[in-house]
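Notes for the structure review
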Amino acid sequence: MTLVEACDSLPLDLRASTFHPPTLDMLDELGVVEALIAQGIVCPVWQNRDTARGIVAEWDLGVLEDDTGHPYRVQAEQYKLNAIVVDILEGMPEAEVRFSTRAVAARQDADRVLLDVEGPEGGECLTGRYLIAADGASSVIRIGAGIEFPGLTFPELWLCTSTGYDFGAHFENLAPIAYVADPESWFVFVRVPGLWRLLMPTRPGDTADELVSEEVVQARMHAVCPKDGAYETYHRTAYAVHQRVAGTYRAGRVFLAGDSAHINNPLGGMGMNGGIHDAVNLCAKIVAVWRGEADEALFDLYDAQRRPIAIEYVQAATLRNKALLEEKDPAVRGKRLDDLARQAGDPAKAREFLLRSSMIAALRRAEAVG
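First, a word on scope: everything that follows refers to the structure included in this document.

Conventions used here
- Residues numbered from 1 in each chain as written.
- Predicted model: local features only at pLDDT ≥ 70, side-chain atom pairs only at ≥ 80, totals over all residues.
- Heavy atoms only, no water.
- Helix = DSSP H or I, 4+ residues; strand = E, 2+ residues; numbered from the N terminus.
- Buried < 20%, exposed > 50% of the residue type's maximum accessible area, 1.4 Å probe, protein only.
- Pairing = 2+ DSSP bridges.
- Axes fitted to C-alpha atoms, helices over the stretch in contact; angles between N-to-C directions.
- Contact = heavy atoms within 4.5 Å.
- Phe/Tyr/Trp six-rings, centres within 6.5 Å; stacked < 30°, edge-to-face > 60°.

This next bit is on unusual backbone geometry. Even without glycine at this site, Asn173 takes up a positive phi of about 55°. Not every positive phi belongs to a glycine, and Met359 is a case in point at roughly 75°. For Met359, the position within the fold is in the loop between helix H10 (347–357) and helix H11 (360–367). For Met359, a relative accessible area of 3% gives the class buried.

What follows is the structure, given as structure tokens:
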């Protein structure tokens with residue numbers, strides 16, 4: 001197995017940070033969950049809040065104790081898991097990790113895939129039986145295969161910052177993960193070890209350079225949480241947000257996984273988790289075919305199981321989350337918040353809600369296919 005990575009080392013960036021219960025179950029089976037949890041924050045509770053009403057719904061993942069071995073979220077930056085996995089791969093004689101190596105094109109015949117890469121010593125062609133393209137939303141492999149990537153891009157950029165300031169000192173009983181609704185400017189708090197991350201929408205027309213300027217960052221953060229003095233930030237980025245799903249996850253011996261197959265807004269923390277679910281599903285099938293336990297027709301089931309989930313569950317859920325946070329009509333807004341409060345207060349309804357929001361229901365739906 002060969003893993004190629006365009007960067008010269010693993011990026012230490014603040015991207016995804018929420019690991020859902022079923023993802024933790026999968027990582028446990030792979031023997032890496034304990035190392036991840038040791039570097040993260042265990043979060044058994046998360047909240048829906050409202051700027052006027054305060055806590056609207058508090059979700060206790062303990063109601064899922066019969067559904068998962070990990071009835072909680074873990075907050076840990078994605079790069080920490082990447083480092084754990086790469087460390088294991090580099091110790092495996094049958095695996096090769098190649099940094100500073102960019103995939104530029106792929107082609108295939110009846111027996112193999114040929115991957116053209118560019119590395120420190122120039123161009124090279126790698127050969128293998130199968131190729132998993134996990135090369136992001138702008139995947140050159142997906143584009144080269146002619147696979148469509150339909151969907152939408154939101155007109156506004158989203159601003160994300162991180163700070164060592166403890167927002168819990170200002171907002172009473174603030175959970176490590178809190179989605180705060182507001183008809184004018186919603187925001188999301190996410191705690192990771194040593195830092196709080198703050199996610200906010202912006203206005204159409206705002207540019208990334210403007211949004212990450214000191215003046216704008218300080219103004220936006222103080223609007224969320226006024227305090228004496230300036231915020232010290234460790235990270236700030238403004239980025240476009242998309243909702244897209246590839247037309248197929250398979251083109252012969254080439255497979256899409258993660259952001260190359262599906263991208264969505266980050267509300268709910270489903271993007272990275274969905275990518276891990278893709279990888280676990282697909283690799284189990286590759287192993288079965290490799291060992292001669294199944295023929296390659298099994299690969300069609302990967303697309304049939306994973307692609308509908310991205311459309312029917314992940315895309316739908318993240319769009320609903322956004323609509324709830326930004327709803328402007330007072331009557332609609334009040335009803336939706338009241339509905340959330342009732343669900344959270346009823347253990348049976350809370351369990352059903354959390355089965356969906358934690359992606360367990362989606363995985364069960366996929367298992368039923370085939």
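Across the sheet, which stays open at both edges, the 7 strands sit in the order S5-S4-S14-S15-S16-S13-S17 with mixed pairing between neighbours. Among the strands making up the open sheet, the edge pair consists of strand S5 (54–60) and strand S17 (233–239). Going across the sheet, the axis of each strand differs from the next one's by a mean of 15°, ignoring polarity. As paired strands, strand S4 (residues 45–50) and strand S14 (residues 177–181) are joined by 4 bridges and run parallel to one another. Each residue of the ladder has a partner; that of Arg49, found in S14, is Val180. Sitting on the sheet, helix H6 (residues 214–224) is in contact with strand S13 (158–163), strand S15 (187–192), strand S16 (195–201) and S17, with an inclination near 100° to S16.

Here we take up the packing of aromatic side chains. Summed over the entire model, instances satisfying the criterion amount to 20 aromatic pairs. Ring centres of Tyr165 and Tyr231 lie 5.5 Å apart, and the angle between their planes is 90°; this geometry places the pair in the edge-to-face category. Here Tyr231 lies in the loop between H6 and S17 and Tyr165 lies in the loop between S13 and S14, a separation of 66 residues in the sequence. Tyr231 sits in the buried class, given a relative accessible area of 4%.

Moving on to the pairing of strand S9 (residues 113–119). Inspection of the sheet shows strand S8 (residues 102–108) paired to S9 by 6 bridges, in the antiparallel sense. Bridge pairing in S9 places Arg107 opposite Leu114. Hairpin remark: S8 followed by S9, antiparallel, with 4 residues in the connecting loop. Where S9 lies against strand S10 (residues 122–128), 7 bridges are found, and the strand directions are antiparallel. Opposite Val113, over in S10, you have Gly128 as the bridge partner. Counted along the chain from S9 to the antiparallel partner S10, the turn is 2 residues long.

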